[in-house]
Amino acid sequence: MQIYHHIRYAKAARFGEPELMPFDESMLDDSTVVSCPQNKFRLGFIMGDGEQTPQDEDCHFLSICTPSREGRRPVLVWIHGGAYIAGCGGESAYDGTALAEEGDIVVVSVTYRLGVFGYLYNPDGEPRNLGLKDQMAALKWIHENISLFGGDPDQVTLAGQSAGGHSVASLISCCKEPYFRKAIIQSAPLGFQFGEQYLKKQYRDFLDRLGKTVSEATTTDMLIAQKRLMEASGKSMCFSPYVPSLGKEVASPSLEKVLITWQKDDTSPFVAMRLKHEKTFGGFLDRLMTKISTWFVFKTMNRRYASFLKENGIEVLMHELSWRPEGSKFGACHCLELSLLFGSWERWKGTGMLGQTDEAEWKKHSQELRKQWLQFIK
């Protein structure tokens, strides 16, 4: 298995459009994993804190896992989640080694701009949706270069979880190039769409908290102002791309098939955070709120989106993960499927969402879920 990090697909100045970069063999000599600047991850009590990666606004990199640079294999392009404010394509939580080995596929993970760096909506005509444009630039780079890593550019499945799944749906609605034939949307909060007036106000509020121009601000200044903005908003997701056509148009000319998934207790971590029950979660109110909010936020909205896709001639499959790990009070919660698809037992053991599950039980469910995903991809 060959694993490469720090494969640059684009460059961009702060609030600048991504500029596609050509592939250079010297890229393979650098294994650094870089993430977009971000504040502390709020789902650490579920997923574990993971490793600390260097943060830089210059974060346009891919991680590629391939069985061989020879041949032409199906490709999985992964868009990580994290509420558009956290995460990194190259972190161990998204290690695609098992999927690549078991399925003989190429797995590509994308790192893109987050938070105010990628999704601040400037009403004065500056570039917008920069994080989404980063993802489109990555898809273009992959289309042009993945054959150099043993991948087939005509057999690409675009996948993402949470904000990553929301990104996939956004790309289905606005990417007009034939960059992917299949898509996997995992636990996407498709009902979270902000109107232009809200986004304009958010921009003004951010500048008020920043207290200076964005060109004068340091990266730390930007993150502090972002944190204050989020604390004042009280919203579980403050940032997202502005895509009015989401759920109204299929722009992708090559899309044939979509897999939409969620977890049976998807919202339990968010209920825990809302009620400040991270350590005591599990009571009647917790379970009731989880059932109601999961039904509305994930089941209803994703089924509605599935109907929209079917009406547009797209084949749709749906999947609900119902496995509740032993000793986990959060049940079949948000991010649980990530521990089965990506990474290793060493990465996931002892995390809140796996509870007291042992390696044998985890391995059984991991192999089952990866087999289903690989059947769809191939």
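Structure's up top.
The present account deals with the structure reproduced in this document. Just so it is clear, the structure is predicted and the values come from calculations on it, not from any experiment. (Residues numbered from 1 in each chain as written. Predicted model: local features only at pLDDT ≥ 70, side-chain atom pairs only at ≥ 80, totals over all residues. Heavy atoms only, no water.)

Let's shift gears to a nonpolar patch on the surface. Residues Phe-284, Leu-288 and Ile-292 make up a contiguous nonpolar surface patch of roughly 320 Å² in combined accessible area. Structurally, the position occupied by Phe-284 is in helix H9 (residues 284-311). Residue Phe-284 is classed as exposed on the basis of its relative accessible area, which comes to 60%. (Patch = residues over 30% accessible without salt bridge, like charges linked within 9 Å, V, L, I, M, F, W, Y side chains within 5 Å. Areas by Shrake-Rupley, 256 points an atom, 1.4 Å probe, with all protein chains shown as cover. Salt bridge = Lys/Arg side-chain N within 4 Å of Asp/Glu carboxyl O. Helix = DSSP H or I, 4+ residues; strand = E, 2+ residues; numbered from the N terminus. Buried < 20%, exposed > 50% of the residue type's maximum accessible area, 1.4 Å probe, protein only.)

Attention now goes to the packing of helix H8 (residues 268-275) against H9. Viewed as axis vectors pointing N to C, H8 and H9 meet at an angle of 125 degrees, and their least axial separation amounts to 9 Å. By the criterion of interaxial angle, the relationship of H8 to H9 is oblique. The crossing of H8 and H9 is right-handed. Residues Ser-268, Val-271 and Leu-275 of H8 form the contact with H9, whose participating residues are Leu-285, Asp-286, Met-289, Thr-290 and Ser-293. (Axes fitted to C-alpha atoms, helices over the stretch in contact; angles between N-to-C directions. Parallel < 35°, antiparallel > 145°, perpendicular 65-115°, else oblique. Left-handed = near helix turned anticlockwise from the far one by under 90°. Contact = heavy atoms within 4.5 Å.)

Turning our eyes to something else, we now look at the environment of Gly-16. For Gly-16, the location among the structural elements is in the loop between strand S2 (10-11) and strand S3 (19-20). Those residues in contact with Gly-16 that lie beyond four places of it in its chain are Arg-113 and Leu-130.

Pairing within the open sheet is mixed, and its eight strands lie in the order S1-S4-S6-S5-S7-S8-S9-S10. Pairing within the sheet leaves two strands with one partner each, and these edge strands are strand S1 (2-8) and strand S10 (315-321). Taking the axes of each pair of neighbouring strands and ignoring which way they run, one obtains an average angle of 20 degrees across the sheet. As judged from the six bridges shared by strand S5 (residues 73-79) and strand S7 (residues 151-161), these two strands associate in the parallel manner. By the bridge assignment, Arg-73 is partnered in S7 with Gly-151. Where helix H12 (residues 359-377) meets the sheet, it contacts S5, S7, strand S8 (182-186), strand S9 (257-263) and S10, and its direction lies at approximately 145 degrees from that of S8. (Pairing = 2+ DSSP bridges.)

On to the nonpolar core, then. Judged by nonpolar contacts, the single largest core of 79 residues is most densely connected at Leu-62, Ile-172, Phe-239 and Tyr-305. Those residues in contact with Tyr-305 that lie beyond four places of it in its chain are Ala-169, Ile-172, Ile-185, Leu-190, Leu-246, Gly-247 and Ile-260. In this structure, Met-47, Ile-105, Trp-348 and Phe-376 belong to the second largest nonpolar core, which totals 40 residues. (Core = buried A, V, L, I, M, F, W, Y, C linked by side-chain atoms within 4.5 Å.)

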